[in-house]
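Descriptive analysis of the structure
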Protein chains: 2
Amino acid sequence: MPPSVPDPARRNERSHRAILEATVELVAELGYEQVSVEAIAKRAGVGKQTIYRWWPSKGAVALEALDDRLRTAPGGGSSGSWPDTGDIVEDLRVQMYGVSELFTSREVGPLYQGLIAAAQCDPALSRAHLDQLIEPASVACRARLALAKERGEIRADADVQTLIDMLWGALYYRLLLHTRPLDLAQIDLSLDIVFRGLRDA
Amino acid sequence: MPPSVPDPARRNERSHRAILEATVELVAELGYEQVSVEAIAKRAGVGKQTIYRWWPSKGAVALEALDDRLRTAPGGGSSGSWPDTGDIVEDLRVQMYGVSELFTSREVGPLYQGLIAAAQCDPALSRAHLDQLIEPASVACRARLALAKERGEIRADADVQTLIDMLWGALYYRLLLHTRPLDLAQIDLSLDIVFRGLRDA
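Residues numbered from 1 in each chain as written. Chains lettered and ligands numbered in written order. Predicted model: local features only at pLDDT ≥ 70, side-chain atom pairs only at ≥ 80, totals over all residues. Heavy atoms only, no water.

1. What about the overall build of chain A?
Counting its regular elements, chain A contains nine helices and zero strands. When the helices and strands of chain A are listed from N to C terminus, the series reads α-α-α-α-α-α-α-α-α. Reported as C-alpha extents along the three principal axes, the dimensions of chain A are approximately 70 × 40 × 30 Å. In chain A, buried positions account for 53% of the 201 residues. (Helix = DSSP H or I, 4+ residues; strand = E, 2+ residues; numbered from the N terminus. Buried < 20%, exposed > 50% of the residue type's maximum accessible area, 1.4 Å probe, protein only.)

2. Concerning the state of the cysteines
Covalently bonding the sulfur atom of one cysteine to the sulfur atom of another cysteine gives a disulfide. Under the counting rule described, the total for this entry stands at zero disulfides over all chains. Left unpaired, C121(A) is separated from the closest cysteine sulfur, that of C121(B), by 11 Å. (Disulfide = S-S within 2.5 Å.)

3. Points about the pattern of salt bridges
Throughout the structure, instances matching the rule amount to 44 salt bridges over all chains. The shortest N-O distance in the salt bridge between R155(A) and D192(B) comes to 3.1 Å. Residue R155(A) is found in the loop between helix 7 (123-150) and helix 8 (160-177), and its partner D192(B) is found in helix 9 (residues 184-196); the two belong to separate chains. Across the pair, D192(B) and R155(A) agree in class, each one buried. Close ionic contact of R144(B) with D84(B) constitutes a salt bridge, the shortest N to O distance being 3.3 Å. You can see R144(B) sitting in helix 7 (residues 123-150) and its partner D84(B) sitting in the loop between helix 4 (58-71) and helix 5 (88-103), a full 60 residues away along the chain. The buried category is assigned to R144(B), whose relative accessible area is 3%. Accessibility expressed as a relative area gives 40% for D84(B), which makes it partly exposed. A cluster of three or more residues bridged by salt bridges with shared partners is formed by R17(A), E21(A), D68(A), R69(A) and E107(A). (Salt bridge = Lys/Arg side-chain N within 4 Å of Asp/Glu carboxyl O.)

4. Re the packing of helix 4 of chain B against helix 7 of chain B
Residues and elements named next belong to chain B. It is the contact of helix 4 with helix 7, at a shortest axis distance of 10 Å, that shows an interaxial angle of 20°. Classified by the angle their axes make, helix 4 and helix 7 are roughly parallel. Our pair here, helix 4 against helix 7, has a crossing hand that is right-handed. For the pair helix 4 and helix 7, contact is made by G59, A60, L63, L66, D67, L70 and R71 and by L125, A128, H129, Q132 and L133, respectively. Counted by class, the contact of helix 4 with helix 7 contains seven nonpolar, three polar and two charged residues. (Axes fitted to C-alpha atoms, helices over the stretch in contact; angles between N-to-C directions. Parallel < 35°, antiparallel > 145°, perpendicular 65-115°, else oblique. Left-handed = near helix turned anticlockwise from the far one by under 90°. Contact = heavy atoms within 4.5 Å. Nonpolar A, V, L, I, M, F, W, Y, C, P; charged D, E, K, R; others polar.)

5. Regarding the packing of helix 5 (residues 88-103) of chain A against helix 7 of chain A
All names here are of chain A. Two numbers describe how helix 5 lies on helix 7: the axes approach to 10 Å, and their chain directions differ by 165°. Taken together, the axes of helix 5 and helix 7 lie roughly antiparallel to each other. Judged by the sense of rotation from one axis to the other, the crossing of helix 5 with helix 7 is left-handed. Seen from helix 5, the contacting residues are I88, D91 and L92; seen from helix 7, they are R144, L145 and A148. For the contact of helix 5 with helix 7, the residue count by class is four nonpolar, no polar and two charged.

6. Quick look at the interface of chain B and chain A
With 47 residues of chain B at the interface, the matching set in chain A holds 48 residues. Interface area lost by chain B to chain A is led by R155(B), M166(B) and L198(B), which between them contribute 18%. Our count for the contact surface shared by chain B and chain A stands at eight salt bridges. Put simply, chain B and chain A have 22 residue pairs in polar contact (both at pLDDT 80 or more) between them. (Buried area = accessible area lost by both parts, 1.4 Å probe. Polar contact = N/O pair within 3.5 Å; in protein donor to acceptor, adjacent residues only side chain to side chain.)

7. What to know about the relation of the copies chain B and chain A
Expressed as a screw operation, the relation of chain B to chain A combines 0.0 Å of axial shift with a rotation of 180°, fitting to an RMSD of 0.0 Å. Here the transformation between the copies is reduced to the relation of a two-fold axis. By residue overlap, the copies meet face to face through one surface: 100% of the interface positions of chain B are interface positions in chain A. (Least-squares fit on C-alpha atoms with pLDDT ≥ 70 in both.)

8. Observations concerning unusual backbone geometry
Residues and elements named next belong to chain A. A positive phi angle, close to 60°, is found at H178, a residue other than glycine. Mapped onto the fold, H178 is located in the loop between helix 8 and helix 9 (184-196). A residue is classified by how much of its surface remains accessible, and H178, at 29% relative accessible area, is partly exposed.

9. Notes on the confidence of the model for chain A
Residues and elements named next belong to chain A. For chain A, per-residue confidence averages 91 on the pLDDT scale, and residues scoring 70 or more make up 93% of the total. Element-level pLDDT for chain A is lowest in helix 1 (residues 8-30), with a mean of 93, against a maximum mean of 98 in helix 2 (residues 37-44). The ipTM for the predicted assembly is 0.90, set against a pTM of 0.91. (pLDDT = per-residue confidence, 0-100.)

10. What to know about the nonpolar core
Among the nonpolar cores identified, the biggest contains 136 residues, and W168(A), Y172(A) and W168(B) are the most heavily contacted of them. The contacts of Y172(A), once residues within four sequence positions are left out, are F103(A), Y112(A), I116(A), I134(A), L177(A), Y173(B) and L177(B). (Core = buried A, V, L, I, M, F, W, Y, C linked by side-chain atoms within 4.5 Å.)

11. A closer look at a positive patch on the surface
All names here are of chain A. A cluster of basic side chains, namely R10, R11, R14 and R53, defines a positive patch on the protein surface. At three residues, helix 1 tops the list of elements feeding residues into the positive patch. The exposure class of R53 is exposed, given its relative accessible area of 57%. (Patch = residues over 30% accessible without salt bridge, like charges linked within 9 Å, V, L, I, M, F, W, Y side chains within 5 Å. Areas by Shrake-Rupley, 256 points an atom, 1.4 Å probe, with all protein chains shown as cover. Lys, Arg positive; Asp, Glu negative; His and termini not counted. Charge placed at Lys NZ, Arg CZ, Asp CG, Glu CD.)

12. Quick look at the packing of aromatic side chains
Inspection of every chain in the model, using the stated rule, returns twelve aromatic pairs over all chains. Over the ring of Y32(A) we find K58(A), and its NZ or CZ is 4.3 Å from the ring centre. Directly above the aromatic system of W54(B) lies the positively charged group of R53(B), at a separation of 5.8 Å from the ring centroid. (Phe/Tyr/Trp six-rings, centres within 6.5 Å; stacked < 30°, edge-to-face > 60°. Lys NZ or Arg CZ within 6 Å of the ring centre and 35° of its normal.)

Written out as structure tokens, the structure reads:
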């Protein structure tokens, strides 16, 4: 194919990429609520109909843009990315530090807050968020915790999904309720509580 | 004052109450997003301007309606309501069961989800939510946990705010991310983890 004829597949890929980038940038600049599909299309240099051909709603574009950012970041939690150094506390710490840094970043924090807000009145978006982000990350985390149980690092009768809900729940609690800034020291304190327990040793 | 002359203070109190009740009912029926200030005014039998005289926004009315429901419920967490049976695990359990039951109730669940969603793009509402609901509840919980430390039920170097973030964070995680239904068994499992710790005893 001579170079003067554009390749539609490559053009599509470039447009797709430009839309995700435009979404991340605009939400970081203006906040989720203030960003329209029109504005995303304009910034990406595509027509609004191009966006609606690929995604049903602004929330769906935002979810893919978020997924894209999480996948390419350490601690993003996409399946398969869990470290195994043989020390479960350190591996949890590294993953949680990564998530905390993403949540406090200019690009991911406001995008994720906006998406979870939008999902409260959009059951399809809420479902897609669970299926595409939360559940794959939970599967990968549960697999790593199962190894830790086999190796005797975690007692056999502890409920690992409840552990995940508590450790990650504390991060989402701060992201969404804005109770305290997310900082890494709190992650160390939470790991101290769950591993040592609250009773005097 | 003869009974035929209406008392403005009592009339105001009745209207105020009617507005809060209308907000709770309408959100339970239609979902937070679908409810307008006009609809609340109509259901409460007041003018829209009456609502805007007392509250700056729908979110502010919703926050007071939620606060009202939480205050009158067991486990609602308004300050001063923490039990002290002398057993910190049982007292935490009772409070967390109460919150979980509120979160899964038809009246509080959708109202609270809608409010937290709205607060993501409304910093004043987010601040008011912290000041009026979260912080008083945290103060009361920290006071009870401080007693438990004094009595040696919790080791002195455990960070109680991190404990609160994890235990309550897990409940908010399920309320807002819809990962799993809130159930009381998960509360027992979370208390088991934080009190016993994850290591083999």
